[in-house]
Structures are given as structure tokens and as C-alpha cells.
Amino acid sequence: MGIGRVSKHLIEHRWRVRRIFPPQVLALIEQAIKASEATHSGQVRFVVEGALDGMPLFTGQSARERALDIFSHLRIWDTTHNNGVLIYLLLADRKVEIVADRGIDAKVGAAGWQTICAAMEADFRSGNFSGGVIKGIAAVSQQLATYFPKRGTRPNELPDAPVVL
């Protein structure tokens with residue numbers, strides 16, 4: 001773990017997350033998730049974290065490892081059809097990770113998720129954070145609609161509101 005990464009995380013403040021993702025943007029993201037889930041039987045969660053701190057930072061936890069921890073902690077794996085998907089953004093590392101439950105992951109695969117992550121990261125590099133997240137949600141939802149189309153009514157198994165850590 002490099003001193004540069006630690007420094008980047010220590011100076012990355014939560015105010016930056018609030019500046020990039022103010023309440024009105026978080027509301028748009030929540031609406032995008034609600035609208036997307038009307039087209040498929042999957043569950044989508046979006047989590048943004050400004051920077052790692054404490055043990056995750058000093059043990060060198062990667063964005064991928066952190067996303068896996070959050071996926072488990074938020075119980076995204078606990079859906080009826082094994083089709084929950086986490087979109088995780090770690091701002092300090094400028095990194096997007098998608099973690100998907102086994103039902104949808106078996107269909108899309110790592111390369112498919114990486115394509116979505118790369119497109120989101122390109123939007124973020126140009127400063128288009130809200131648009132990048134909404135496009136990412138749409139791309140994930142397209143995959144879910146292809147493999148897990150909506151059939152009848154079903155309960156919303158996970159909250160649609162974005163999580164800010």
C-alpha cells in the first residue's frame with residue numbers, strides 16, 4: 001500500500017461526496033433505480049464512498065474488496081432470484097466496482113460488468129457524475145431486463161435509495 005493512496009484517502013473529505021452528490025442528485029439516482037426495477041425482477045443498489053478510513057485504508061483494502069464487503073453487509077446477495085447488483089463508487093480512488101449476485105453474474109460475467117464500469121469512469125473523468133451513475137444504472141438494468149424480465153408483481157426486496165458512506 002503506497003503512501004500516495006493513504007494521503008489521497010486522508011484528504012478526501014465527505015464534503016466532496018456531498019458536493020458531487022447533493023440531495024437532489026441522490027433523489028434522481030433513487031428515481032432511476034425505481035424506474036429500472038419496473039423493467040426487471042432484479043435489485044439494484046448504488047453506494048458512494050468518499051474515502052476509506054481506519055482498518056480498510058491501512059490494510060490496503062482495494063475498491064473491489066470494499067465493494068464485496070458492502071455487497072455482503074447490505075445483503076444484496078439475499079434476493080429471491082439471486083439477481084441483486086451493487087454499483088459501488090470509491091471517489092478517492094476514482095474507481096467503480098460492480099458486484100453481482102450469482103444468478104445475474106453467471107449471465108453477464110466480469111467482462112460485461114467491466115464494460116459498464118469503464119463507461120461510468122469515463123463520464124466521471126469528464127465531471128459527469130450524476131449522468132455517469134444514471135447511465136450505469138440503465139446499463140445494469142438492461143442486463144437484468146434481458147435475463148430477468150419483470151413477470152407480474154413482486155415486492156421490492158431492497159431499498160432504492162443510494163447509500164452514502
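One can find the structure itself at the top, above this paragraph.
Conventions used here
Residues numbered from 1 in each chain as written. Predicted model: local features only at pLDDT ≥ 70, side-chain atom pairs only at ≥ 80, totals over all residues. Heavy atoms only, no water. Helix = DSSP H or I, 4+ residues; strand = E, 2+ residues; numbered from the N terminus. Contact = heavy atoms within 4.5 Å. Areas by Shrake-Rupley, 256 points an atom, 1.4 Å probe, with all protein chains shown as cover. Axes fitted to C-alpha atoms, helices over the stretch in contact; angles between N-to-C directions. Parallel < 35°, antiparallel > 145°, perpendicular 65-115°, else oblique. Left-handed = near helix turned anticlockwise from the far one by under 90°. Pairing = 2+ DSSP bridges. Buried < 20%, exposed > 50% of the residue type's maximum accessible area, 1.4 Å probe, protein only. Expected span 1.5 Å × (residues − 1). Arc of directions from axis to C-beta.

A. Region of the structure containing the overall build of the protein chain. A tally of regular secondary structure across the protein chain gives seven helices and four strands. Put simply, 73% of the contacts in the protein chain that link residues at least 6 apart link residues at least 24 apart. Carbon and sulfur atoms make up 57% of the accessible area of the protein chain, which amounts to about 8000 Å² in all.

B. Fine view of the packing of helix α6 (residues 102-125) against helix α7 (residues 129-147). Interhelical geometry of α6 versus α7 gives an angle of 165° and a closest axis separation of 9 Å. With respect to α7, the axis of α6 lies roughly antiparallel. The two elements α6 and α7 cross, and the hand of that crossing is right-handed. When α6 is examined against α7, the residues I104, K107, V108, W113, I116, M120, D123 and F124 are found in contact with a partner set consisting of F129, G131, G132, V133, K135, G136, A139, V140, Q143, L144 and Y147.

C. Fine view of the sheet that holds strand β3 (residues 95-100). If you walk across this open sheet you meet the four strands as β3-β2-β1-β4, and the pairing is mixed. Strands at the two margins of the open sheet, each flanked by one partner only, are β3 and β4 (163-164). Relative to strand β1 (residues 43-49), helix α3 (residues 23-37) is tilted by about 160°, and along the sheet it contacts β1 and β4. Across the sheet, helix α5 (residues 63-73) lies against β1, β2 (84-90) and β3, angled at about 40° from β3, the strand it touches most.

D. Inspection of the pairing of β3 at higher detail. Most of β3 is tucked away, with five of its six residues classed as buried. Pairing of β2 with β3 involves six bridges; the strand directions are antiparallel. Each bridged residue has a counterpart across the sheet, and for L89 the counterpart in β3 is V96. If you look at the hairpin formed by β2 and β3, you'll find four residues sitting between the two strands, and R94 has a positive phi there, around 55°.

E. Region of interest: α3. Taking 1.5 Å per residue, 15 residues should reach 21 Å; α3 reaches 21 Å between its end C-alpha atoms and fits that length. All of the buried residues along α3 are V25, L26, I29, A32, I33, S36 and E37. Buried residues in α3, looked at end-on, bunch into an arc of 125°, giving them a common side. Opposite the packed face of α3, turned more than 90 degrees from it, sit the exposed residues P23, Q24 and L28.

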